[in-house]
Structure formats: structure tokens, C-alpha cells
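Each chain, written out:
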Amino acid sequence: MQNEKKISAMAEAIVSAAELEAEHMREEAQHEESEALAECRREAGESVEKRVAAAQAEARAKEEKRVVTASFDGRRELLRFRESCAQEVFAEVKERAKRTAESAGYPQLLCSLLKRALSAMSGVSRAVVRLRPEDMAHADALRAAVSGVELDFEEGDFLLGGLIVECPELSRLADLSFDSALDDLEGRFSEVTGFNMEG
């Protein structure tokens, strides 16, 4: 009888200790589970934040690319417009130069250009005048238009009209050809518009 009581007490003690141990283990498990869940939530939150940040960065990059592309498109359109304007301007100038060279007043204009060139070369006694091949017929009229200067005439390699006067003894040259005037106009056009006309 005494032994049964001891065994019963011992069994209760063992069961009680087991229950306490089990409770302790449950608490530890719950604590570890809570920490694990918190960590998962933290990592999930960081992952979401990273994904959101990455999506925002990608959206910004796409928008910047779109803006840059639009800017380049705008510049291309502006260059096309400038090129179109330049072509129209120079086509019109060339046409006017051609009409001038074919006009009845062109011989008088050549005389005026010759006088202007020689007046810029004070002290000149002899000069070479270059004309287009089709303008060589005006040589006598040009020679008669000035006095005190011996003139030699040569064919020049310009096409639109006008003349070039060179004085070798003074190492001076006056280019009053329409071609050079057009080149000067092109240079000023490039400075003003930022567009370089080629061809």
C-alpha cells in the first residue's frame, strides 16, 4: 500500500514535470514561430520595397529614354526643316545670280565690279581679270571702262558670274564672283542658324 502511494506520487511528479516541459517547449516553439514570421514579414516587406524601388527606377529610366528620344526626334525635325530652308534659299539665290548674269544690265554690273576691285588696290598699274568663259566677250568693254591700268583677261573656274581681279605686283586679289558671294552667304547662314549646308 505504501509502495503504491509512492509510485502514484512519483507518476504524478513525472507527468507534472512532463507537462511543464511540454508547456515550456510550446512557448519556445511559439516564440520561434513568431520570430520566424516576423523575419518573413520583414524580408517580404524588404522584397516588396525592393521590387517597388526597382519598378520605379525602371519607370524613370523608360521616361528619361522617352524624353531623350523625343528630344532627338525634335532635333532631327529641326535639322530637316533647316536643310529644307537652306536648299530653298540657296536655290533662289543661284536662280537670281543666273538671271542677273543673263540680264541686259550684266555688262554694266561687271564694269562696276571691276572699278570697285581696282579702287581697293591703290597704286595698281597692271592686273589680271578672270571671267567665266561666256563672259570673255565683255573684255573689251571692261578694258575701256578703266584707265591707267593694263588689264589681262583669263578664264576663271567659277560658274555663276562676276569677276576676280588679281594684282601680282601688289600680291592682292579681289574676288567679286557670284560664287564667292554665295559661299559667304552660306557661311553667314550657318552662323545664324547653326546649320552647315553641304553639297
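This one's a predicted model, so the numbers in the text were calculated from it and none came from an experiment.

**Q** Give a detailed account of the overall build of the chain, specifying residues and quantitative values.
**A** If you tally the helices and strands in the chain, you get four helices and four strands. Listing each helix as α and each strand as β along the chain from the N terminus yields α-α-β-α-β-β-β-α. A total of 199 residues make up the chain; the buried ones form 22% of that total. Considering only contacts in the chain between residues 6 or more positions apart, those separated by 24 or more positions represent 66%. Accessible area of the chain: about 14200 Å², with a carbon and sulfur share of 54%.

**Q** Account for the pairing of strand S2 (residues 150-155), naming residues and giving values.
**A** Across six bridges, strand S1 (residues 126-131) lies against S2 in parallel orientation. Its bridge partner being in S2, Val128 is matched across the sheet by Asp152. Between S1 and its parallel partner S2, the chain crosses via helix H3 (residues 139-145), and the hand of that crossover is right-handed.

**Q** Explain a negative patch on the surface to me, and be specific about the residues and the numbers.
**A** On the surface, Glu27, Glu28, Glu32 and Glu35 cluster together to form a negatively charged patch. Its location among the elements puts Glu35 in helix H1 (residues 2-102).

**Q** Which residues make up the packing of aromatic side chains, and what are the values?
**A** Applying the stated rule across the entire model yields one aromatic pair. Taking the centre distance of 6.1 Å and the plane angle of 65° together, the rings of Tyr106 and Phe178 count as edge-to-face. Of this pair, Tyr106 sits in helix H2 (residues 106-119) while Phe178 sits in helix H4 (residues 178-193); the two residues are 72 residues apart in sequence, bridging distant segments of the chain. Its relative accessible area of 1% is what places Tyr106 among the buried residues. You can call Phe178 buried: its relative accessible area is 15%.

**Q** Give a description of H2 that names residues and reports values.
**A** Its 14 residues give H2 an end-to-end C-alpha distance of 20 Å, which sits within 8% of 20 Å, the value for a rise of 1.5 Å per residue. Residues of H2 that are buried include every one of Tyr106, Leu110, Cys111, Leu113, Leu114, Ala117 and Leu118, and no others. Burial along H2 is one-sided: seen end-on, the buried residues are contained in an arc of 165°. Of the exposed residues in H2, those oriented more than 90 degrees away from the buried face are Gln108, Arg116 and Ser119.

**Q** Can you tell me about the pairing of S1, naming the residues and giving the values?
**A** Pairing of S1 with strand S3 (residues 162-167), which is carried by three bridges, proceeds in the antiparallel orientation. Paired with Val128 across the strands is Glu166, a residue of S3.

Cut-offs and rules
Residues numbered from 1 in each chain as written. Predicted model: local features only at pLDDT ≥ 70, side-chain atom pairs only at ≥ 80, totals over all residues. Heavy atoms only, no water. Helix = DSSP H or I, 4+ residues; strand = E, 2+ residues; numbered from the N terminus. Buried < 20%, exposed > 50% of the residue type's maximum accessible area, 1.4 Å probe, protein only. Contact = heavy atoms within 4.5 Å. Areas by Shrake-Rupley, 256 points an atom, 1.4 Å probe, with all protein chains shown as cover. Pairing = 2+ DSSP bridges. Right-handed = clockwise from strand over helix to strand, strands pointing away. Patch = residues over 30% accessible without salt bridge, like charges linked within 9 Å, V, L, I, M, F, W, Y side chains within 5 Å. Salt bridge = Lys/Arg side-chain N within 4 Å of Asp/Glu carboxyl O. Lys, Arg positive; Asp, Glu negative; His and termini not counted. Charge placed at Lys NZ, Arg CZ, Asp CG, Glu CD. Phe/Tyr/Trp six-rings, centres within 6.5 Å; stacked < 30°, edge-to-face > 60°. Expected span 1.5 Å × (residues − 1). Arc of directions from axis to C-beta.

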